[in-house]
Amino acid sequence: MNPQFLMDGLIAGAMIGLGAIGVTLTYSILRFANFAHGEMLSWGAYLALAVSGGLGLLSTTLTKPIGPFSFGWSLPLAAVIAILLTGLLALAVDAVLFGRLRARGGAIIILVMASFGASLALRSLLEFIFTSKPAYYTKALQIAVKIGGGLRATPDQLLSLGLSLVAVVAIHLLMTRTDIGRSMRAVSENPALAGIAGVDVRRVIRVVWFVGAALACIAGIMTGLLVQIRPYLGHDLLLPLFAAAILGGIGSVPGAMIAGLIVGLSEAAAVQVVGAEWRAAVSFVILVAVLLLRPRGLFGRAA
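This section reports on the structure supplied with the text.

### Considerations on the environment of N2
By the secondary structure assignment, N2 is in the segment before α1 (4–30). For N2, a relative accessible area of 43% translates into the label partly exposed. Separated by 148 residues in sequence, N2 and G150 place their C-alpha atoms 8.4 Å apart.

### Regarding the packing of aromatic side chains
The tally for this structure, following the rule as stated, stands at 6 aromatic pairs. With a centroid separation of 4.9 Å and an interplanar angle of 25 degrees, the aromatic rings of F35 and F242 are classed as stacked. One end of the pair, F35, is in the loop between α1 and α2 (37–58); the other, F242, is in helix α9 (residues 233–248), with 207 residues separating them in the sequence. Its relative accessible area of 11% is what places F242 among the buried residues.

### Looking at helix α10 (residues 253–273)
The terminal C-alpha atoms of α10 lie 30 Å apart, and with 21 residues this matches the ideal 30 Å at 1.5 Å per residue to within 8%. Residues V253, G255, A256, M257, A259, G260, V263, G264, E267, A268, A269 and A270 constitute the buried set of α10. Of the surrounding elements, those touching the buried residues of α10 are α1, α5 (155–177), α9 and α11 (279–293). The opening residue of α10, the one whose side-chain oxygen lies 3.0 Å from the backbone nitrogen of G255, is S252.

### Observations concerning the packing of α9 against α10
The contact between α9 and α10 brings their axes to 7 Å, and the two run at 125 degrees. On the basis of the axis angle, α9 is oblique to α10. Seen from above, α9 lies across α10 with right-handed handedness. Contacts from P240, A243, A244, L247 and G248 in α9 reach G255, A256, A259, G260, I262, V263 and E267 in α10. Class assignment for the residues of the contact of α9 with α10 results in 8 nonpolar, 3 polar and 1 charged.

### Quick notes on the environment of R31
When you line up the elements, R31 lands in the loop between α1 and α2. Among the residues examined, R31 registers a relative accessible area of 31% and is labelled partly exposed. In this structure the C-alpha to C-alpha distance between R31 and S188, which are 157 residues apart in sequence, comes to 8.6 Å. Among all residues touching R31, those that are not within four sequence positions of it are T26, I108, V187, S188, E189, N190 and P191. There is a polar contact of 2.5 Å between the side chain of R31 and the backbone oxygen of S188.

Parameters and conventions
Residues numbered from 1 in each chain as written. Predicted model: local features only at pLDDT ≥ 70, side-chain atom pairs only at ≥ 80, totals over all residues. Heavy atoms only, no water. Helix = DSSP H or I, 4+ residues; strand = E, 2+ residues; numbered from the N terminus. Buried < 20%, exposed > 50% of the residue type's maximum accessible area, 1.4 Å probe, protein only. Phe/Tyr/Trp six-rings, centres within 6.5 Å; stacked < 30°, edge-to-face > 60°. Expected span 1.5 Å × (residues − 1). Contact = heavy atoms within 4.5 Å. Polar contact = N/O pair within 3.5 Å; in protein donor to acceptor, adjacent residues only side chain to side chain. Axes fitted to C-alpha atoms, helices over the stretch in contact; angles between N-to-C directions. Parallel < 35°, antiparallel > 145°, perpendicular 65-115°, else oblique. Left-handed = near helix turned anticlockwise from the far one by under 90°. Nonpolar A, V, L, I, M, F, W, Y, C, P; charged D, E, K, R; others polar.

So, in C-alpha coordinates, the structure goes:
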(Lines give C-alpha, C1' and ligand atoms only; values in the text may rest on other atoms or scores of the structure.)
Protein backbone atom coordinates (compact mmCIF):
# COMPACT_ATOMS: atom_id res chain seq x y z
CA MET A 1 0.00 0.00 0.00
CA ASN A 2 1.32 3.44 -0.95
CA PRO A 3 2.06 5.40 2.28
CA GLN A 4 0.77 8.56 0.60
CA PHE A 5 -2.72 7.53 1.73
CA LEU A 6 -1.70 8.66 5.24
CA MET A 7 -1.24 12.26 4.12
CA ASP A 8 -4.37 12.20 1.97
CA GLY A 9 -6.35 10.78 4.87
CA LEU A 10 -5.04 13.33 7.37
CA ILE A 11 -5.93 16.23 5.08
CA ALA A 12 -9.44 14.93 4.40
CA GLY A 13 -9.87 14.01 8.07
CA ALA A 14 -8.92 17.50 9.26
CA MET A 15 -11.71 19.02 7.16
CA ILE A 16 -14.19 16.38 8.31
CA GLY A 17 -13.17 16.94 11.92
CA LEU A 18 -13.72 20.70 11.79
CA GLY A 19 -17.18 20.22 10.33
CA ALA A 20 -17.97 17.48 12.85
CA ILE A 21 -17.25 19.82 15.75
CA GLY A 22 -20.16 22.01 14.65
CA VAL A 23 -22.41 18.95 14.38
CA THR A 24 -21.50 17.67 17.84
CA LEU A 25 -21.90 21.10 19.49
CA THR A 26 -25.30 21.66 17.89
CA TYR A 27 -26.53 18.22 18.87
CA SER A 28 -25.27 18.43 22.46
CA ILE A 29 -26.92 21.82 23.05
CA LEU A 30 -30.08 21.69 20.91
CA ARG A 31 -30.66 17.91 21.00
CA PHE A 32 -31.31 17.39 17.29
CA ALA A 33 -29.32 16.36 14.22
CA ASN A 34 -28.96 19.41 11.99
CA PHE A 35 -28.76 18.15 8.41
CA ALA A 36 -28.41 21.72 7.15
CA HIS A 37 -24.96 21.97 8.71
CA GLY A 38 -23.30 20.70 5.54
CA GLU A 39 -24.65 23.67 3.63
CA MET A 40 -22.71 25.98 5.94
CA LEU A 41 -19.53 24.51 4.45
CA SER A 42 -20.77 25.29 0.95
CA TRP A 43 -21.96 28.77 1.79
CA GLY A 44 -18.72 29.57 3.60
CA ALA A 45 -16.68 28.48 0.59
CA TYR A 46 -18.77 30.50 -1.86
CA LEU A 47 -18.92 33.60 0.33
CA ALA A 48 -15.12 33.55 0.57
CA LEU A 49 -14.94 33.12 -3.20
CA ALA A 50 -17.22 36.12 -3.81
CA VAL A 51 -15.42 38.39 -1.33
CA SER A 52 -11.99 37.28 -2.56
CA GLY A 53 -13.02 38.03 -6.14
CA GLY A 54 -14.26 41.46 -5.12
CA LEU A 55 -11.03 42.27 -3.30
CA GLY A 56 -9.07 41.09 -6.32
CA LEU A 57 -10.95 43.54 -8.52
CA LEU A 58 -10.15 46.37 -6.13
CA SER A 59 -6.45 45.57 -6.03
CA THR A 60 -4.62 43.04 -8.18
CA THR A 61 -1.77 43.12 -5.65
CA LEU A 62 -3.96 41.14 -3.26
CA THR A 63 -4.12 38.24 -5.72
CA LYS A 64 -0.36 37.72 -5.96
CA PRO A 65 0.63 34.44 -4.25
CA ILE A 66 1.97 34.66 -0.70
CA GLY A 67 5.32 32.90 -0.54
CA PRO A 68 4.96 29.21 -1.43
CA PHE A 69 1.16 29.24 -1.32
CA SER A 70 -1.17 29.35 -4.31
CA PHE A 71 -3.29 32.29 -3.09
CA GLY A 72 -2.83 35.95 -2.31
CA TRP A 73 -3.91 38.09 0.63
CA SER A 74 -7.37 38.42 -0.87
CA LEU A 75 -8.28 34.91 0.35
CA PRO A 76 -7.26 35.26 4.04
CA LEU A 77 -9.07 38.61 4.20
CA ALA A 78 -12.09 37.11 2.47
CA ALA A 79 -12.01 34.15 4.86
CA VAL A 80 -12.40 36.43 7.88
CA ILE A 81 -15.39 38.18 6.30
CA ALA A 82 -16.87 34.86 5.15
CA ILE A 83 -16.63 33.42 8.68
CA LEU A 84 -18.62 36.37 10.01
CA LEU A 85 -21.19 36.14 7.20
CA THR A 86 -21.61 32.38 7.58
CA GLY A 87 -22.12 32.79 11.32
CA LEU A 88 -24.77 35.44 10.66
CA LEU A 89 -26.44 33.14 8.12
CA ALA A 90 -26.66 30.38 10.73
CA LEU A 91 -28.15 32.82 13.24
CA ALA A 92 -30.67 33.98 10.63
CA VAL A 93 -31.74 30.38 9.85
CA ASP A 94 -32.18 29.74 13.57
CA ALA A 95 -34.21 32.92 14.07
CA VAL A 96 -36.46 32.27 11.09
CA LEU A 97 -36.89 28.51 11.44
CA PHE A 98 -35.46 26.55 14.36
CA GLY A 99 -36.02 29.23 17.00
CA ARG A 100 -39.70 29.48 16.16
CA LEU A 101 -40.10 25.71 16.25
CA ARG A 102 -38.42 25.56 19.67
CA ALA A 103 -40.66 28.33 20.95
CA ARG A 104 -43.71 26.30 19.91
CA GLY A 105 -42.37 23.20 21.61
CA GLY A 106 -41.77 21.36 18.35
CA ALA A 107 -40.78 17.70 18.65
CA ILE A 108 -37.25 16.60 17.79
CA ILE A 109 -38.43 14.90 14.61
CA ILE A 110 -39.98 18.19 13.48
CA LEU A 111 -36.65 19.99 13.93
CA VAL A 112 -34.84 17.23 12.04
CA MET A 113 -37.26 17.39 9.12
CA ALA A 114 -37.04 21.18 9.16
CA SER A 115 -33.26 20.89 8.87
CA PHE A 116 -33.75 18.71 5.77
CA GLY A 117 -35.92 21.44 4.25
CA ALA A 118 -33.43 24.16 5.19
CA SER A 119 -30.64 22.12 3.60
CA LEU A 120 -32.52 21.80 0.31
CA ALA A 121 -33.44 25.49 0.29
CA LEU A 122 -29.91 26.71 1.06
CA ARG A 123 -28.37 24.41 -1.53
CA SER A 124 -30.85 25.40 -4.23
CA LEU A 125 -30.34 29.10 -3.49
CA LEU A 126 -26.58 28.63 -3.69
CA GLU A 127 -26.89 26.84 -7.03
CA PHE A 128 -29.23 29.56 -8.31
CA ILE A 129 -26.80 32.35 -7.41
CA PHE A 130 -23.49 30.75 -8.37
CA THR A 131 -24.68 28.01 -10.83
CA SER A 132 -23.55 24.39 -10.52
CA LYS A 133 -20.29 24.96 -12.42
CA PRO A 134 -17.21 24.15 -10.28
CA ALA A 135 -15.21 27.18 -9.14
CA TYR A 136 -11.69 27.69 -7.78
CA TYR A 137 -9.99 30.24 -5.56
CA THR A 138 -6.91 29.98 -7.72
CA LYS A 139 -5.81 27.92 -10.69
CA ALA A 140 -2.13 28.11 -9.80
CA LEU A 141 -0.43 24.71 -9.81
CA GLN A 142 1.58 23.53 -6.82
CA ILE A 143 4.24 20.84 -6.72
CA ALA A 144 4.08 18.49 -3.74
CA VAL A 145 7.28 18.39 -1.73
CA LYS A 146 8.76 15.43 0.12
CA ILE A 147 8.20 15.53 3.86
CA GLY A 148 9.71 12.17 4.76
CA GLY A 149 8.52 8.60 5.00
CA GLY A 150 7.55 8.52 1.37
CA LEU A 151 4.93 11.23 1.93
CA ARG A 152 4.38 14.32 -0.16
CA ALA A 153 2.26 17.42 0.44
CA THR A 154 1.79 20.85 -1.09
CA PRO A 155 2.27 24.02 0.99
CA ASP A 156 -1.51 24.61 0.86
CA GLN A 157 -2.15 21.16 2.31
CA LEU A 158 0.36 21.65 5.12
CA LEU A 159 -1.18 25.03 5.91
CA SER A 160 -4.64 23.46 6.10
CA LEU A 161 -3.41 20.87 8.59
CA GLY A 162 -1.83 23.58 10.72
CA LEU A 163 -4.94 25.75 10.68
CA SER A 164 -7.08 22.77 11.66
CA LEU A 165 -4.88 22.11 14.68
CA VAL A 166 -5.02 25.77 15.73
CA ALA A 167 -8.82 25.86 15.35
CA VAL A 168 -9.33 22.73 17.46
CA VAL A 169 -7.04 24.00 20.23
CA ALA A 170 -8.84 27.37 20.20
CA ILE A 171 -12.28 25.75 20.48
CA HIS A 172 -11.07 23.40 23.23
CA LEU A 173 -9.75 26.38 25.21
CA LEU A 174 -13.03 28.22 24.60
CA MET A 175 -14.99 25.28 25.99
CA THR A 176 -12.76 24.67 29.02
CA ARG A 177 -11.26 28.03 30.01
CA THR A 178 -13.98 30.64 29.40
CA ASP A 179 -17.28 31.54 31.03
CA ILE A 180 -19.23 31.01 27.81
CA GLY A 181 -17.61 27.59 27.43
CA ARG A 182 -18.65 26.59 30.94
CA SER A 183 -22.14 27.87 30.19
CA MET A 184 -22.25 25.77 27.04
CA ARG A 185 -21.28 22.65 28.98
CA ALA A 186 -23.91 23.42 31.62
CA VAL A 187 -26.64 23.80 29.01
CA SER A 188 -25.47 20.58 27.38
CA GLU A 189 -25.90 18.72 30.68
CA ASN A 190 -29.27 20.18 31.68
CA PRO A 191 -30.76 23.24 29.91
CA ALA A 192 -33.55 23.76 32.46
CA LEU A 193 -31.23 23.60 35.47
CA ALA A 194 -28.68 25.82 33.74
CA GLY A 195 -31.38 28.44 33.15
CA ILE A 196 -32.43 28.33 36.80
CA ALA A 197 -28.78 28.77 37.80
CA GLY A 198 -28.62 32.02 35.84
CA VAL A 199 -27.16 30.87 32.53
CA ASP A 200 -28.48 32.80 29.54
CA VAL A 201 -29.58 29.80 27.47
CA ARG A 202 -30.55 31.90 24.45
CA ARG A 203 -27.11 33.48 24.36
CA VAL A 204 -25.49 30.06 24.56
CA ILE A 205 -27.58 28.83 21.65
CA ARG A 206 -26.58 31.83 19.55
CA VAL A 207 -22.89 31.26 20.34
CA VAL A 208 -23.19 27.57 19.41
CA TRP A 209 -24.77 28.39 16.05
CA PHE A 210 -22.11 30.99 15.28
CA VAL A 211 -19.13 28.87 16.34
CA GLY A 212 -20.41 25.81 14.48
CA ALA A 213 -21.00 27.81 11.31
CA ALA A 214 -17.58 29.50 11.61
CA LEU A 215 -15.82 26.13 11.81
CA ALA A 216 -17.90 24.84 8.90
CA CYS A 217 -16.86 27.90 6.90
CA ILE A 218 -13.18 27.22 7.59
CA ALA A 219 -13.61 23.59 6.55
CA GLY A 220 -15.44 24.66 3.39
CA ILE A 221 -12.74 27.15 2.44
CA MET A 222 -10.00 24.57 2.95
CA THR A 223 -11.91 21.99 0.91
CA GLY A 224 -12.47 24.53 -1.86
CA LEU A 225 -8.80 25.52 -1.84
CA LEU A 226 -7.49 21.95 -2.03
CA VAL A 227 -10.18 20.44 -4.27
CA GLN A 228 -12.87 22.64 -5.83
CA ILE A 229 -15.97 24.59 -4.87
CA ARG A 230 -19.38 23.16 -5.77
CA PRO A 231 -22.92 23.64 -4.41
CA TYR A 232 -22.88 19.97 -3.29
CA LEU A 233 -19.58 20.35 -1.45
CA GLY A 234 -21.19 20.24 2.01
CA HIS A 235 -23.82 17.68 1.05
CA ASP A 236 -21.14 15.21 -0.03
CA LEU A 237 -19.39 15.60 3.33
CA LEU A 238 -22.53 15.29 5.45
CA LEU A 239 -22.32 11.53 6.12
CA PRO A 240 -18.61 11.67 7.09
CA LEU A 241 -19.40 14.62 9.38
CA PHE A 242 -22.06 12.70 11.27
CA ALA A 243 -19.93 9.56 11.35
CA ALA A 244 -17.09 11.55 12.95
CA ALA A 245 -19.39 13.35 15.41
CA ILE A 246 -20.90 10.07 16.64
CA LEU A 247 -17.60 8.18 16.66
CA GLY A 248 -15.90 10.93 18.66
CA GLY A 249 -18.73 11.19 21.17
CA ILE A 250 -21.42 13.87 21.21
CA GLY A 251 -20.13 17.00 22.94
CA SER A 252 -16.42 16.15 22.69
CA VAL A 253 -14.46 18.66 20.61
CA PRO A 254 -11.15 16.72 20.61
CA GLY A 255 -13.15 13.54 20.00
CA ALA A 256 -14.77 15.00 16.89
CA MET A 257 -11.39 15.95 15.41
CA ILE A 258 -9.75 12.62 16.26
CA ALA A 259 -12.74 10.76 14.83
CA GLY A 260 -12.60 12.96 11.73
CA LEU A 261 -8.98 11.90 11.20
CA ILE A 262 -9.99 8.25 11.66
CA VAL A 263 -12.76 8.60 9.07
CA GLY A 264 -10.45 10.41 6.66
CA LEU A 265 -7.71 7.81 6.99
CA SER A 266 -10.22 4.98 6.62
CA GLU A 267 -11.60 6.49 3.42
CA ALA A 268 -8.11 7.05 2.00
CA ALA A 269 -7.14 3.46 2.82
CA ALA A 270 -10.34 2.15 1.23
CA VAL A 271 -9.50 3.96 -2.01
CA GLN A 272 -6.26 1.99 -2.30
CA VAL A 273 -7.63 -1.34 -1.07
CA VAL A 274 -11.05 -1.66 -2.70
CA GLY A 275 -11.26 1.34 -5.05
CA ALA A 276 -12.53 4.92 -5.01
CA GLU A 277 -16.11 3.88 -5.78
CA TRP A 278 -16.39 2.43 -2.25
CA ARG A 279 -15.06 5.49 -0.46
CA ALA A 280 -18.49 6.83 0.52
CA ALA A 281 -19.45 3.48 2.04
CA VAL A 282 -16.68 3.71 4.64
CA SER A 283 -18.40 6.48 6.62
CA PHE A 284 -21.65 4.51 6.61
CA VAL A 285 -19.92 1.36 7.88
CA ILE A 286 -18.19 3.33 10.65
CA LEU A 287 -21.46 5.02 11.62
CA VAL A 288 -23.38 1.74 11.86
CA ALA A 289 -20.56 0.00 13.74
CA VAL A 290 -20.35 2.76 16.35
CA LEU A 291 -24.12 2.83 16.87
CA LEU A 292 -24.14 -0.95 17.40
CA LEU A 293 -20.96 -1.41 19.45
CA ARG A 294 -20.38 1.87 21.31
CA PRO A 295 -23.27 4.34 20.91
CA ARG A 296 -21.63 6.95 23.16
CA GLY A 297 -18.55 7.08 20.91
CA LEU A 298 -14.88 7.05 21.81
CA PHE A 299 -14.91 10.03 24.18
CA GLY A 300 -18.60 10.40 24.99
CA ARG A 301 -20.05 9.81 28.44
CA ALA A 302 -22.63 7.15 29.17
CA ALA A 303 -26.13 8.54 29.56
